[in-house]
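Each chain is listed here by its residues.
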Number of protein chains: 2
Amino acid sequence: MNKRVTMKDIAERLGVSKVTVSKALKDSPDISQALKEKVIKTAQEMGYIYNAKGRMLRENLTYSIGVISSEKYYGKDDYFYIDLYKHLSNSFEKLGFTTTFNIISRNDEESLSVPNALLEQKIDGVVILGQMSIDYIKRVLDFNCPTIFLDFYCDRFNVDCVITDNFFATYEITNMLIEQGHREIGFVGNIHATSSIQDRFLGYYKALLENRIELNKDWIIKDRDDNNNFIDILLPGKLPTAFVCNCDKTAYLTIEKLKSAGYKVPDDISVVGFDDSLHAVLSSPKITTVRVNMEEMGRRTAKIMFEKIKQGEKHYGKVLIKGKIIVRESAKPLK
Amino acid sequence: MNKRVTMKDIAERLGVSKVTVSKALKDSPDISQALKEKVIKTAQEMGYIYNAKGRMLRENLTYSIGVISSEKYYGKDDYFYIDLYKHLSNSFEKLGFTTTFNIISRNDEESLSVPNALLEQKIDGVVILGQMSIDYIKRVLDFNCPTIFLDFYCDRFNVDCVITDNFFATYEITNMLIEQGHREIGFVGNIHATSSIQDRFLGYYKALLENRIELNKDWIIKDRDDNNNFIDILLPGKLPTAFVCNCDKTAYLTIEKLKSAGYKVPDDISVVGFDDSLHAVLSSPKITTVRVNMEEMGRRTAKIMFEKIKQGEKHYGKVLIKGKIIVRESAKPLK
DNA sequence: CTGAAAGCGCTTACAG
DNA sequence: CTGAAAGCGCTTACAG
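Residues numbered from 1 in each chain as written. Chains lettered and ligands numbered in written order. Predicted model: local features only at pLDDT ≥ 70, side-chain atom pairs only at ≥ 80, totals over all residues. Heavy atoms only, no water.

Participant: Requested: an account of the interface of chain B and chain A, with residues and values cited.
Facilitator: Taken together, the contact between chain B and chain A spans 48 residues of the former and 48 residues of the latter. Taken together, the two surfaces of chain B and chain A that pack against each other cover about 4,500 Å², and 52% of this comes from carbon and sulfur. Taken together, chain B and chain A are joined by four salt bridges. Notably, a salt bridge pairs Glu71 of chain A with Lys86 of chain B, separated by 3.4 Å at the nearest N-O pair. Remark: the boundary between chain B and chain A carries 34 residue pairs in polar contact (both at pLDDT 80 or more). Elements supplying a minimum of two residues to the side of chain B that touches chain A: α4 (52-59), α5 (80-94), β2 (98-104) and α7 (116-119) of chain B. Looking at which element gives the most residues to the side of chain B that touches chain A, the answer is α5 of chain B, with seven residues. Partitioning the side of chain B that touches chain A into residue classes produces 22 nonpolar, 15 polar and eleven charged. (Contact = heavy atoms within 4.5 Å. Buried area = accessible area lost by both parts, 1.4 Å probe. Salt bridge = Lys/Arg side-chain N within 4 Å of Asp/Glu carboxyl O. Polar contact = N/O pair within 3.5 Å; in protein donor to acceptor, adjacent residues only side chain to side chain. Helix = DSSP H or I, 4+ residues; strand = E, 2+ residues; numbered from the N terminus. Nonpolar A, V, L, I, M, F, W, Y, C, P; charged D, E, K, R; others polar.)

Shown next, in the form of structure tokens:
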């Protein structure tokens, strides 16, 4: 590969200084229109390609962002974080940034082994996509590189995060059921398993409170043990008229359970889920659920990172992104 | 964020030159052991983090590789390329490289819009992961950046590629069936749809030829139209005793078709697939198939790229990676 | 074994 | 509107 053309080469060819070339190429008001056009034309003719390495050193910015994510989120039927990555990366591209993507193996997460990009200051910021071990997060934060948690939060660290508004979404979807005439509404999910299940439960509970509906403990049903392993769902003796499930997989399993007990969904009982995952559409009937607004999550994360890098470490705290209710067949008004 | 410590700071603290610091930190034989240890200790104390930006400019290398892949490979039940990316990225990390990952939207592929990393010489090489449009590939190659095609090839361009040995794998799996006593063996797949189906067909055909088994045209069955849209599989009047399918999804659909026609797999007829995808294990019976060696594909791609960058543009041509037969229940010896 | 000099390709602040 | 100077953090080639 022969040597690349630089601004200096263009400058020499045109008999101007490289400062002028630099300004012309970035469309600075300093330069006359005529000269700008000449510079751009010559650059094209000479096959010039801008070399960011000069700027990187000068500004001590690479305009690259590291996205770090645990291998455990990329199993056989997990596509959620790939979708989110896609949106995130697109948003950064629009702001002129490149994203490096590291899927951290179990081994590396265990041994606190961190990507080269972080070790060598090749990135201006880090997005941790999905919860990782506390120790690993600590290790990343030690590099003092602007960091955002995406799709999770962690009260132990005072780090900005962008997450779905779990609370508000179940509040809304429960309200929808109430407006449809339901007053006997259960919740399926172990509220001690994860913080996001807890938030989803609390949104459901708030909707009940606002409508002065008593919480019935028999209708709060576990879908998993405290270690997040799914367990058999036990239906209560007397059923409510609707179930709010903490996720689509649980909604799917609940529907299967109800069907095998001889109930019809949604004719006998309505069921709603959360996530709009594959389970929601594979289920029969298809599941009314909450779709996470990934595009907005990506956009906001990129925007906040951009501001942190450009304007110094402002603090944004928890940024909540609203989900959207997707109406399908698994829930219907109480007749 | 306060200013970062540089080699100069360490040098001043120790009263040596920054050349010495640089050499000590990269463990050069030029420096005495005692001094090395002192430098490393001081660097740690001062919170020094190596800054690759200096080296990037100096060497005109970023030690970053761009991975470019079309959005169409990241649909709801596609995880294949994520797995491959993971291995690829790991292999590059081991060589000291960072990988940027761009999933190109349909729009961007159409409008030939290319990632920032390529526009600004932020990467030393490009891996195109999975076939993209000819025009898009052309646009990428125009940047004159060392490029490797991963998991596809394209005779129009004289570009190195790393691919699964489709031909050899179906040759082997067909031979396995023949050794099990099968002599009436069909092939399911449209041999005009893609080049890899063609290669898989030819491997199957070679196994027949070697064993002097006549090719029966009635047993070459289409699974899709020429535009890659799946179509209903039409079973022939007289069935062979085994089917070699061009992929697991097709094997899955073939098995479903056979079952609904009243046949038992593998008792009445054996079926084998290719890819070891989700379909292979979701199917009942589970499918005997060929597993692509992703780890090796990633490793070889990284190694070849490394050599191209370090030793100049050697030519490697088509690098074939052997797959591995995974034996499951969908095929059995002819009694 | 140690270090002074030069330079990678840009941009910014300043002078004209 | 144009340009000379300085410098970002490293590394290499060379001198001692």
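Participant: An account of the domain arrangement of chain A is needed here, citing residue identities and associated values.
Facilitator: Under the domain assignment, chain A is made up of domain 1 (7-50), domain 2 (64-164 + 294-321) and domain 3 (166-291). The distance between the C-alpha centroids of domain 2 of chain A and domain 3 of chain A comes to 30 Å. (Domains from an automatic or database assignment.)

Participant: Outline the pattern of salt bridges, supporting the account with residue identities and numerical values.
Facilitator: A side chain of one charge can pair with a side chain of the opposite charge when the charged atoms of the two come close. All names here are of chain A. Scanning the entire structure with this criterion turns up 49 salt bridges over all chains. Ionic pairing is found between Arg300 and Glu296, a salt bridge with its closest N-O pair at 3.9 Å. Within this pair, Arg300 and its partner Glu296 are both found in helix α13 (residues 294-311), separated by four residues, close to a single helical turn. The exposure class assigned to Glu296 is partly exposed, which follows from its relative accessible area of 21%. (Buried < 20%, exposed > 50% of the residue type's maximum accessible area, 1.4 Å probe, protein only.)

Participant: So what about the sheet that holds strand β6 (residues 185-188) of chain B? Which residues, and what values?
Facilitator: All names here are of chain B. Pairing in this open sheet of four strands is parallel, and the strands run β7-β6-β8-β9 from one edge to the other. The open sheet terminates on both sides in strands that have one partner only, identified here as β7 (220-221) and β9 (270-272). Bridge analysis of strand β8 (residues 242-245) against β9 gives three bridges, and the strand direction is parallel. Within β9, the residue paired with Ala242 across the bridge is Ser270. Strands in contact with helix α9 (residues 166-179) are β6, β8 and β9; relative to β8, the strand with the most contacts, it is inclined by about 170°. Here helix α10 (residues 195-210) sits on the sheet in contact with β6, β7 and β8, set at roughly 175° to β6. (Pairing = 2+ DSSP bridges. Axes fitted to C-alpha atoms, helices over the stretch in contact; angles between N-to-C directions.)

Participant: I'd like a description of the protein's contact with DNA strand D, backed by residues and values.
Facilitator: Taken together, 24 residues sit near DNA strand D, with Thr20 and Lys23 of chain A together with Ser22, Tyr48 and Arg58 of chain B positioned nearest. Among the atoms of DNA strand D lying within 4 Å of the protein, the sugar-phosphate backbone contributes 61%. Within the backbone of Ser17 of chain A, an N or O atom sits 3.2 Å from a phosphate oxygen of DNA strand D. In the environment of DNA strand D, a phosphate oxygen lies 3.2 Å from a nitrogen or oxygen atom belonging to the backbone of Met7 of chain B. Elements supplying a minimum of two residues to the surface near DNA strand D: α2 (18-25) and α4 (52-59) of chain A together with α2 (18-25) and α4 of chain B. A per-class count over the surface near DNA strand D returns ten nonpolar, seven polar and seven charged. (Near = heavy atom within 4 Å.)

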